[in-house]
Amino acid sequence: MKRVLHITSSPRSESSISKKLGNAVVEKITDKYPDRVLKKRDLANPLFPHLEETHINAFFTPAENRTSEQLETVKLSDTVIDELLEADIIIIEAPLYNFSITSTLKSWLDHIARAGKTFSYSENGPEGLVKNKKVYLAFSSGGVYSEGERQAYDFVVPYLEKTLGFMGMTDISVVRAEGLSVPVIQETALQKGIASIIVE
């Protein structure tokens, strides 16, 4: 039985291409693992909170010394970290917004990237603690960023690969629905992205 965590980050509803692409990844995983257990985390509804000073202070206070207010403050972060650690397969929908990820996806990363929880430091340097995961990034964009002159403007895939890799998630596959605003190729961009999905 595979445990699947599906992260959506687009503020758009079902018209979102990244959601359609992410759902296609889920469907192909379901075809291969019919008994899979799916957990979905929508970062846009309800809106996932950005970090505030209260979060930072609570994170850096030893658990045994936290006040009741601090325990409440870290509850969401602890919950999403548990979801991450429990999953075998993680699907992250990542539409390109102004060359980067959505602010809610950044907030989710800020809540899960915690020393002692998802990574640690030693005399040998940092070590990711979230290991043995398969990650699929469902990327969507109006232009084409996988190649050509616009490739340098893609701060979504490199950032996610580095950030997730820092936490130990290095087995990452990227599926792209790109060129959604480009004449000629826009009509087949989503279908091409779906056709590129290979579930391992």
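Residues numbered from 1 in each chain as written. Predicted model: local features only at pLDDT ≥ 70, side-chain atom pairs only at ≥ 80, totals over all residues. Heavy atoms only, no water.

**Considerations on the UniProt feature "domain: Flavodoxin-like fold" (unreviewed entry) in the chain**
What counts, and what does not: UniProt positions are given in the numbering used here, feature names are shortened, and annotations may be inferred rather than shown by experiment. Per the convention used, a helix needs a DSSP run of H or I reaching at least four residues, while a strand needs a run of E reaching at least two, with both numbered from the N terminus.
Per the UniProt record, "domain: Flavodoxin-like fold" (unreviewed entry) is found at residues 2-195. For the annotated span residues 2-195, helix accounts for 35% and strand for 22% of the residues, and the straight-line distance between the end C-alpha atoms is 22 Å.

**With respect to the environment of E178**
Rules: Relative accessibility thresholds used throughout: buried, under 20% of the residue-type maximum; exposed, over 50%; partly exposed, between the two (1.4 Å probe, protein chains only). By the convention used here, residues are in contact when the closest approach between their heavy atoms is within 4.5 Å. In protein, a polar contact means a hydrogen-donor-capable atom and an acceptor-capable atom, both N or O and within 3.5 Å, with residues adjacent in sequence counting only if both atoms are side-chain atoms; elsewhere, any N or O pair within 3.5 Å suffices.
Its location among the elements puts E178 in strand β7 (residues 171-178). Residue E178 is classed as buried on the basis of its relative accessible area, which comes to 14%. Separated by 23 residues in the primary sequence, E178 and F155 have C-alpha atoms spaced 14 Å apart. Apart from the residues lying within four places of it in its own chain, the contact partners of E178 are F139, S141, G143, V144, Y145, S146 and A189. Engagement of the side chain of E178 in a polar contact is seen with the backbone nitrogen of Y145, the distance being 2.9 Å. Side-chain polar atoms of E178 contact the side chain of S146, separated by 2.5 Å.

**What about the packing of aromatic side chains?**
This is how it is decided: Under the pairing criterion, centres of Phe, Tyr and Trp rings, with the six-membered ring standing for Trp, must be within 6.5 Å; the plane angle then separates stacked pairs below 30 degrees from edge-to-face pairs above 60, leaving the rest tilted. To sit over a ring, a charge needs its Lys NZ or Arg CZ within 6 Å of the ring centre and within 35 degrees of the ring normal.
Taken as a whole and assessed by the stated rule, the structure comprises 4 aromatic pairs. On the numbers, 6.5 Å between centres and 65 degrees between planes, the contact of F99 with Y145 is edge-to-face. In this pair, F99 is assigned in the loop between β3 (89-95) and α5 (103-112) and Y145 in the loop between β6 (134-141) and α6 (157-166), connecting sequence segments 46 residues apart. Given the relative accessible area of 35%, F99 is considered partly exposed. Y145 gets classed as buried once you look at its relative accessible area, which sits at 7%. Centroid distance F119 to Y121: 5.5 Å. Interplanar angle 85 degrees. Geometry classified as edge-to-face. In textbook terms, an aromatic cluster arises when at least three aromatic residues are bridged by ring pairs, as seen for F99, Y145 and Y153. Geometry around Y136 places K134 over its ring, the cationic atom sitting 5.2 Å from the centre.

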